[in-house]
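For reference, the chains in residue letters:
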Amino acid sequence: MYLVAKTYPEDSPEYKTVFDIACENFPDAEVACINAAVGELRSGKADDALRHLQKCPNSPEAKNLLGVAYTLKGDNERASDYFKQAIQAGNTDARHNAEQLQQYTEDNM
């Protein structure tokens with residue numbers, strides 16, 4: 001399914017649909033759920049992303065995306081916690097996201 005998805009632009013509805021289908025048909029496949037969550041986050045649908053990410057809560061990538069989802073929902077405390085967990089688990093993107101969240105928080109106090 002990944003190869004099918006890659007035939008579409010990453011920001012297209014078709015790309016997102018393929019991963020939604022993959023996640024539904026293979027709910028234990030971490031990569032399918034993470035990619036489906038990314039599609040939801042790109043669409044600004046944090047709650048839908050959270051639903052996908054609940055299926056792989058121990059993944060460092062999922063922890064980072066949980067941080068992104070909670071940032072979108074305005075729950076910066078929970079987002080920061082997930083970014084910290086992702087950093088501790090070795091996710092390098094989470095460090096950048098945590099720094100961005102910290103800067104945003106400082107700028108808006």
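Residues numbered from 1 in each chain as written. Predicted model: local features only at pLDDT ≥ 70, side-chain atom pairs only at ≥ 80, totals over all residues. Heavy atoms only, no water.

A.B. asks: Outline the pattern of salt bridges, listing residues and values.
C.D. replies: For the structure shown, the criterion picks out 2 salt bridges. Among the salt bridges present, the one from K73 reaches D47, with a minimum N-O distance of 2.6 Å. On the criterion of sequence distance, the pair formed by K73 in the loop between α5 (60-72) and α6 (76-88) and D47 in helix α4 (residues 46-53) is long-range, its members being 26 residues apart. K73 gets classed as partly exposed once you look at its relative accessible area, which sits at 42%. Relative accessible area serves as the criterion here: at 49%, D47 is assigned to the partly exposed category. A salt bridge links R78 to D75; the nearest nitrogen and oxygen atoms lie 3.9 Å apart. According to the relative accessible area criterion, D75 is partly exposed, its value standing at 29%. (Salt bridge = Lys/Arg side-chain N within 4 Å of Asp/Glu carboxyl O. Helix = DSSP H or I, 4+ residues; strand = E, 2+ residues; numbered from the N terminus. Buried < 20%, exposed > 50% of the residue type's maximum accessible area, 1.4 Å probe, protein only.)

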